[in-house]
Amino acid sequence: VFGDEMNFKEEILRLKKEKNAVILCHNYINRDVQEVADYLGDSYGLSVKAKETEADIIVFAGVRFMAETAKILNPSKKVILSNIEAGCPMADMVNAQDIINEKKKTDDDLYVATYVNSSAEVKAESDVCLTSGNALKVIKNIPSSVKNILFVPDKNLGRYVEKISGRSLILWDGYCCVHQDLKPEQIDKIRAKDSNALIIVHPECRLDVIEKADMALSTAGMAKFVRENQDKNIYLGTEPGIVARMIAEGYDVRPVDENMICKNMKKTTLQDIYYDLLEERNQIVLPAELMNKARNSLEKMIEFTELDKQI
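Here's what I pulled together on the structure shown here. (Residues numbered from 1 in each chain as written. Predicted model: local features only at pLDDT ≥ 70, side-chain atom pairs only at ≥ 80, totals over all residues. Heavy atoms only, no water.)

### Observations regarding the overall build of the protein chain
Assigned secondary structure in the protein chain consists of 15 helices and twelve strands. Scaling as 2.2 N^0.38, a compact globule of 311 residues should have a C-alpha radius of gyration of about 19 Å, and the protein chain matches this with 19 Å. Each of the three principal axes of the protein chain carries a C-alpha extent, and together these read 55 × 55 × 35 Å. By the burial criterion, 58% of the 311 residues in the protein chain qualify as buried. Each charge sign in the protein chain was given a centre, from 42 positive and 50 negative side chains, and these centres are 2 Å apart. (Helix = DSSP H or I, 4+ residues; strand = E, 2+ residues; numbered from the N terminus. Rg over C-alpha atoms; globule rule 2.2 N^0.38 Å. Buried < 20%, exposed > 50% of the residue type's maximum accessible area, 1.4 Å probe, protein only. Lys, Arg positive; Asp, Glu negative; His and termini not counted. Charge placed at Lys NZ, Arg CZ, Asp CG, Glu CD.)

### Some points on the pattern of salt bridges
Applying the stated criterion across every chain, the model contains 24 salt bridges. Salt-bridge contacts for lysine 266 lead to glutamate 239; the nearest nitrogen and oxygen are separated by 3.2 Å. Of this pair, lysine 266 sits in the loop between strand E12 (253-255) and helix H14 (270-279) while glutamate 239 sits in the loop between strand E11 (233-237) and helix H13 (241-248), and the two are 27 residues apart along the sequence. Residue glutamate 239 is classed as buried on the basis of its relative accessible area, which comes to 1%. Between arginine 254 and aspartate 252 there is a salt bridge; the shortest N-O distance is 3.9 Å. Its relative accessible area of 30% is what places arginine 254 among the partly exposed residues. Given the relative accessible area of 56%, aspartate 252 is considered exposed. (Salt bridge = Lys/Arg side-chain N within 4 Å of Asp/Glu carboxyl O.)

### Things to note about unusual backbone geometry
Glycine aside, the phi torsion of most residues is negative, and most peptide linkages are trans. Going from valine 152 to proline 153, the amide bond is cis rather than trans, its omega being -15°. Positive phi, close to 50°, is recorded for asparagine 20, a residue that is not glycine. You can see asparagine 20 is positioned in the loop between helix H1 (5-19) and strand E1 (21-26). Positioned with a positive phi, asparagine 282 is a non-glycine residue whose angle comes to about 55°. If you trace the backbone, asparagine 282 turns up in the loop between H14 and helix H15 (288-310).

### Things to note about the sheet that holds E1
One open sheet accounts for four strands, arranged E2-E1-E3-E4; its pairing is parallel. Here the strands that pair on one side only, and so sit at the sheet edges, are strand E2 (39-41) and strand E4 (78-81). Within the sheet, the average angular offset between the axes of one strand and its neighbour, ignoring direction, is 20°. Looking at chain direction, strand E3 (residues 57-61) and E4 are connected through four bridges and run parallel. Across the sheet, residue isoleucine 58 finds its bridge partner in E4, namely valine 79. The sheet contacts of H14 involve E1, E3 and E4, and relative to E3 the element is tilted by about 160°. (Pairing = 2+ DSSP bridges. Axes fitted to C-alpha atoms, helices over the stretch in contact; angles between N-to-C directions. Contact = heavy atoms within 4.5 Å.)

### Thoughts on the pairing of E3
Burial within E3 is extensive, with five of its five residues counted as buried. Neither face of E3 is left uncovered, since the one carrying Ile57, Val59 and Ala61 and the one carrying Ile58 and Phe60 both have all their residues buried. Sheet analysis places E1 next to E3, joined by five bridges and oriented parallel. In the sheet register, isoleucine 23 faces E3, and the bridge partner there is valine 59. Traced from E3 through helix H4 (residues 64-73) to E4, the parallel crossover comes out right-handed. (Right-handed = clockwise from strand over helix to strand, strands pointing away.)

### Some details on the packing of aromatic side chains
Evaluated as defined, the whole model comprises two aromatic pairs. Between the aromatic rings of tyrosine 274 and tyrosine 275, the centroid separation amounts to 4.8 Å while the plane-to-plane angle is 70°, which identifies the pairing as edge-to-face. Tyrosine 275 carries the same exposure label as tyrosine 274, and that label is buried. Put simply, the rings of Phe8, Tyr274 and Tyr275 pair up and form one aromatic cluster. (Phe/Tyr/Trp six-rings, centres within 6.5 Å; stacked < 30°, edge-to-face > 60°.)

If you want it as structure tokens, here you go:
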């Protein structure tokens, strides 16, 4: 057993090289784990990297739905979840049978747009996936002939997308426990003490919070904005893992609320990553038929997102 962090980091780097492994890490993960990652990003960026990687082993430092997504896009590769207990309460707010039941209500005339924060089973019943970073692009590219669009599971992201896109959406009653708790008064409080504050919140926040902020961006969007606007007095309204990353990169940013901690994202440790690589434990195993069905919605997401880039 290694006694200090530096040894864990060195051993992780050695094992990555030895086993041709790649570590994909979400922006909310603990900073020391971010430092050994090959790629840091939001759900969309991580999905694309998972599909593109030539590594034999993918270690996903995140939560279960992210590792499942990587496995669906790479069925022949070993995909490992960094901490097997890291789940997502929002993803648990909808299941495949819920989707099937909703389709029956509309005689199957229902187009299901599903946030990537969902299980493989839910993705398999969906027409397209989306992330906070590409939700507007995806919804915009759904054919105008489609009238009944069910948006699951995040009602806050759905409400924001509905307002900006002008598309009418049927919203599921799910939400992110972390972002749901951010209140408009907290935005007001920052503005009262800092008149130059530029406040960016995550689109998983409530609409009344988003309307008080200057803009809503995914964590990748936040990172890009911070890098391009170093002279601004920026506050980020999301899980503070992205704030720690920006500070480590040398940028002066502040959290809107330092207590917006995602306990599941914080479960992953360097020790977890080391033993994941050493023992190749916590592998994601999904039935081939399920992966094939779920892959359609993920590939449609990538298609719609890339289509928007070409316009």
